Amino acid sequence: MPTLPFMPRIHRPVCYVTCPSWPARSPSEGSDTAQSLAPLADAFGWQVKVSPLVERAWAGHGAWTPAAARLADLRVALRHDVVWALRGGYGCMQLLPDVLKLRAARKPAFAGFSDNTVMHALWWENGWEEAFYSRTPPRSPQSRHMSALLPLMRGKGLHLDQAGDPSVRALNDGTCEGKLFVACLSVLAGLCGGPLMPDLRGAILCLEDIDEKPYNVDFSLRQLSLAGALRGVRGLASGFFTYTEKHDYSGPHIDTVLGDWARKLGVPCVDRLPFGHIDDHLPLPTGRDARFVVRRGRWSLDLLARPRPPWIAA
């Protein structure tokens, strides 16, 4: 009998969709999310697996799933290559401190935004793979979200500057290099004094938030500063802070607050990068090396290329 040639086993990565924050609002949301992830699955050879926790129908907007159920599902999620959070909202903080005891079978990647800033801190603390500040992507490959996410997840670099994003404002000059840490500001400030406050020394801090007034932004940054959490931060890149002031408001605007803090910290700063709680937002990877330059009203943010990521099928 002829000897058959040895065929190496091809590892097919699994992307596990879970919900550490708010749950699904309808039974169809899990399948809708899997369809939205199909372009990534095709590009990277993934199998998309939707958690039973996602497929179960819960109450509407703002509902809480029991923390024990979410924690147990995260334990399952960490056996896979990519962990994808269904949405933000609220709930990740309820998983502390137990979430710190979780162990991963391999170093997984993560995707999630807003309340999932807690998960970004967990990934940062454990030295796991990159954590993409991303919601479930729009299905159009021509969207800004997908046109940035696909190359970033392939490990390629991404160049951003005022030519491509003229609405971005330069607030303070400087040049730095460091790893991105991407966060919802109020959630990050809520970690102060707790066991998962990330060590941000050497980081380029990318911040955004929703429904936060200028004094709330200053309050959160002041809380982080007083806790020593901003010590060693090398750059400040602000996304959208989606809030509209009342017609008679006469205080400082959010960009003024951010610029003042950048000058206190002595770091380069821009605001209105197109990421955060906006439609078709730019995904950014926590943990990616980057170079940031702001000079005389001009700016550039280069997300550097990295070795081939392990979440791509061999």
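The preceding data block contains the structure.
K.L.:
Just give me the short version of the overall build of the chain, but keep the residues and values in it.
P.N.:
What the chain contains, in helices and strands, is nine helices and 14 strands. A compact globule built from 314 residues should have a C-alpha radius of gyration of about 20 Å, and the chain, at 20 Å, falls within 12% of that. Overall, the chain is about 80 × 45 × 35 Å in size when its C-alpha atoms are taken along their principal axes. Residue burial in the chain is summarised as follows: out of 314 residues, 54% are buried. Long-range contacts, defined here as pairs at least 24 residues apart, represent 80% of the contacts in the chain between residues at least 6 apart.

K.L.:
Explain the pattern of salt bridges to me, and be specific about the residues and the numbers.
P.N.:
This structure, assessed with the given rule, holds 14 salt bridges. Residue Glu129 is joined to Arg306 by a salt bridge in which the shortest nitrogen-to-oxygen separation is 2.7 Å. Of this pair, Glu129 sits in the loop between α5 (117-126) and β5 (131-133) while Arg306 is found in the segment after β14 (298-303), placing the two residues 177 residues apart along the sequence. The exposure class of Glu129 is buried, given its relative accessible area of 18%. Among the ionic contacts, a cluster of salt bridges with common partners joins Glu129, Glu130, Arg288 and Arg306.

K.L.:
Outline the nonpolar core, listing residues and values.
P.N.:
Within the largest apolar cluster, 100 residues are counted, with the highest numbers of intra-cluster contacts made by Leu40, Trp46, Trp84, Met119 and Leu188. Leave out the neighbours within four places in its chain, and Met119 touches Pro20, Leu74, Cys92, Leu95, Val99 and Phe110.

K.L.:
Please give an account of the pairing of strand β3 (residues 82-85) that cites residues and values.
P.N.:
The side chains of a regular strand alternate, residue by residue, between the two faces of the sheet. The side-chain alternation of β3 yields two buried faces, one formed by Val82 and Trp84 and the other by Val83 and Ala85. Examined bridge by bridge, β3 and strand β4 (residues 109-111) share three bridges and lie parallel to one another. Along β4, the bridge assignment pairs Val82 with Ala109.

K.L.:
So what about helix α9 (residues 254-265)? Which residues, and what values?
P.N.:
The terminal C-alpha atoms of α9 lie 17 Å apart, and with twelve residues this matches the ideal 16 Å at 1.5 Å per residue to within 8%. Those residues of α9 that fall on the buried side of the exposure criterion are Ile254, Asp255, Val257, Leu258, Gly259, Trp261 and Ala262. Where α9 is buried, its residues touch β7 (169-172), α8 (214-226), β10 (235-242) and β11 (269-271). Two residues or fewer past α9, Gly266 is found with a positive phi of approximately 70 degrees.

K.L.:
Let's hear about the sheet that holds β14: which residues, and what values?
P.N.:
Ordered in space as β6-β14-β13-β8-β9-β10-β11-β7, the eight strands form an open sheet in which the pairing is mixed. Two strands close off the open sheet at either side, each with one partner strand: β6 (158-161) and β7. With direction set aside, neighbouring strand axes in the sheet form an average angle of 25 degrees. Bridge count between strand β8 (residues 174-184) and strand β9 (residues 203-210): six bridges; the pairing is parallel. Paired with Phe181 across the strands is Leu205, a residue of β9.

K.L.:
Hey, could you go over the sheet that holds strand β2 (residues 47-50) for me, with residue numbers and the actual values?
P.N.:
Two pairing modes exist for strands in a sheet, parallel and antiparallel, and in both the strands are linked by backbone hydrogen bonds. Spatial ordering of the open sheet is given by β2-β1-β3-β4-β5-β12, a layout of six strands whose pairing is mixed. Of all the strands in the sheet, the pair left with one neighbour each is β2 and β12 (284-286). When the angles between neighbouring strand axes are averaged without regard to direction, this sheet yields 25 degrees. Pairing analysis gives two bridges linking β4 to β5, with the strands arranged parallel. Bridge pairing links Ala111 to Phe132 in β5. The sheet strands contacting helix α4 (residues 67-77) are β1 (14-18) and β3, and the helix crosses β1 at an angle near 175 degrees.

What counts as what
- Numbering of residues starts from 1 in each chain and follows the order in which that chain's sequence is written.
- pLDDT decides what is reported in this predicted model: residues at 70 or higher carry local features, side-chain atom pairs at 80 or more are listed and counted, and totals for whole chains, interfaces and linings draw on all residues regardless.
- Side-chain figures throughout are based on the complete set of non-hydrogen atoms in the structure, without hydrogens or water.
- Numbering of helices and strands runs from the N terminus, with a helix taken as a DSSP run of H or I at least four residues long and a strand as a DSSP run of E at least two residues long.
- We compute the radius of gyration from the C-alpha atoms alone; for a globule the expected value is 2.2 Å times N to the 0.38, where N is the number of residues.
- Between buried and exposed lies partly exposed: a residue is buried under 20% and exposed over 50% of the maximum accessible area for its type, with that area taken using a 1.4 Å probe on protein chains only.
- It only takes one pair of heavy atoms within 4.5 Å for two residues to be counted as in contact.
- Salt bridge criterion: a side-chain nitrogen from Lys or Arg within 4 Å of a carboxyl oxygen from Asp or Glu.
- Only buried residues count toward a nonpolar core. Its members are Ala, Val, Leu, Ile, Met, Phe, Trp, Tyr and Cys residues joined through side-chain atoms within 4.5 Å.
- Between any two strands, pairing holds if DSSP finds at least two bridges.
- Here, expected helix span is obtained from the residue count minus one, scaled by 1.5 Å.
- In this description, a line fitted to the C-alpha atoms serves as the axis of each element, helices being fitted only across the stretch in contact, and the angle between N-to-C directions of two axes falls anywhere from 0 to 180 degrees.

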